[in-house]
Amino acid sequence: MSKAKPKLAVYWASACGGCEIAFANLGEKLLELTEHLDFVFCPCLLDAKRADVEALADGELAVTLFDGAIRTSENEEWAHLLRRKSRLLVAMGACAHGGGVPALSNLSTRAEHFRSVYLDGTDNPQGHLPSARTVVPEGVLTLPVFSERVSRLSDVVPVDYAIPGCPPEEHQLWNVLLLFMGRGGELPAPGSILGAGEASVCAECSRRRSDKKITAFRRPWEFVPDPETCLVEQGIACLGLATRGGCGALCPKVQMPCIGCYGPPEGIYDQGAKLVSALGSALDIGPIRDLRDPAEIAARVDAALDAIPDIAGLVGKFHLAGNRGRLV
Ligand code: SF4
Ligand code: SF4
């Protein structure tokens, strides 16, 4: 009798679906994957239901790739269910790893979101707001509870590994899957980052770097940058300075700044704070000895930052939940 293959699940919580697209884009490799792993659950690709997962024995899934942030009570229930059923739980992609773009909503309260979406932005004269339980003549309607803030997967359950990226690059995802298929060498210690490098995107970027001194930031659409020179030195806020490598510096390669999707490199806890410090140190607002008035210094910094309308949104786009909202 042939030996049963280890079981794999993929789940999607609060996210855009890009991680699933990256997974689906593995294409024919998925057939190779199914020779080694029994792919039992993935709402995007397979018609398996929650009852099928609940029917599994605890620990029966060898590995679950969980993408998406934790925004609702339903996301949290799935996190606990899949943690219980999985021997290895992996946070796949920026949202599960650091909160991702959904965690930008931590800059506002739940009440502010509800007011903006359901009261100010909707024709809703009776002021109805979403409710977890609504009684109607036909019965009771239920909705998941919308949490006060967005959390990472590791904030609600223990996580064994994380794969960064928005979404993870397909070749990196495949390298990780090879590990789980037993064809990519030994798994690293629990708690490790998989499918990425340890150094920053700058270490993979071929642009020439020298002393960075700029008087103001500019937006990428305002001019055509020199393709050989570091973007920061040309006034573009490239976040490769404090972003984990592994993508091959994809964005700077095509004249666009890194926007930080692989999260902080090894040894950096707060990507946003590191980026504020790194970009700030590239700014030259004039000889500081001539600037004695703090208001004058603040005015010059504000002028230099004029092209960046949302600094928290820039440096905290993918890891705000990981930074515990300390940018606000
Ligand atoms: S800051 Fe951006 S453009 Fe400059 S070296 Fe780093 S990744 Fe390349
Ligand atoms: S360059 Fe930066 S934003 Fe672009 S894919 Fe790589 S890590 Fe993500």
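Everything here concerns the structure above.
Residues numbered from 1 in each chain as written. Chains lettered and ligands numbered in written order. Predicted model: local features only at pLDDT ≥ 70, side-chain atom pairs only at ≥ 80, totals over all residues. Heavy atoms only, no water.

With that out of the way, let us pick up the nonpolar core. Judged by nonpolar contacts, the single largest core of 27 residues is most densely connected at Leu-8, Phe-23, Leu-65 and Leu-177. When residues of this core are traced back to their parent elements, those giving at least two are strand 1 (7-12), helix 1 (18-24), helix 2 (29-36), strand 3 (61-67), strand 5 (86-92), strand 9 (161-163) and helix 8 (170-180). Apart from the residues lying within four places of it in its own chain, the contact partners of Leu-177 are Leu-8, Phe-23, Leu-26, Leu-33 and Leu-65. Listed in part, the 24 residues of the second largest apolar core include Val-201, Phe-217, Ala-282 and Ala-304. (Core = buried A, V, L, I, M, F, W, Y, C linked by side-chain atoms within 4.5 Å. Buried < 20%, exposed > 50% of the residue type's maximum accessible area, 1.4 Å probe, protein only. Helix = DSSP H or I, 4+ residues; strand = E, 2+ residues; numbered from the N terminus. Contact = heavy atoms within 4.5 Å.)

Note that the residue after Cys-166, namely Pro-167, is joined by a cis bond; omega there is -10°. Residue position: Pro-167 is located in the loop between strand 9 and helix 8. One non-glycine residue, Ala-249, lies in the positive phi region at around 55°. Mapped onto the elements, Ala-249 comes out in the loop between helix 8 and helix 9 (250-253). The phi dihedral of Gln-255 is positive, around 70°, even though this residue is not glycine. Take Gln-255: it is sitting in the loop between helix 9 and helix 10 (271-281). Exposure remark for Gln-255: the relative accessible area of 22% places this residue in the partly exposed category.

With that out of the way, let us pick up the sheet that holds strand 3. What the five strands build is an open sheet, ordered 2-1-3-5-9; its pairing is parallel. The sheet is open, and its two borders are formed by strand 2 (38-41) and strand 9, each paired with just one other strand. The mean inter-strand angle of the sheet, taken between neighbouring strand axes irrespective of direction, is 25°. Bridging between strand 1 and strand 2 involves three bridges; their strand directions are parallel. Directly across from Lys-7, in strand 2, lies its bridge partner Asp-38. Across the face of the sheet, helix 4 (residues 73-85) comes into contact with strand 1, strand 2, strand 3 and strand 5 while running at roughly 140° to strand 5. (Pairing = 2+ DSSP bridges. Axes fitted to C-alpha atoms, helices over the stretch in contact; angles between N-to-C directions.)

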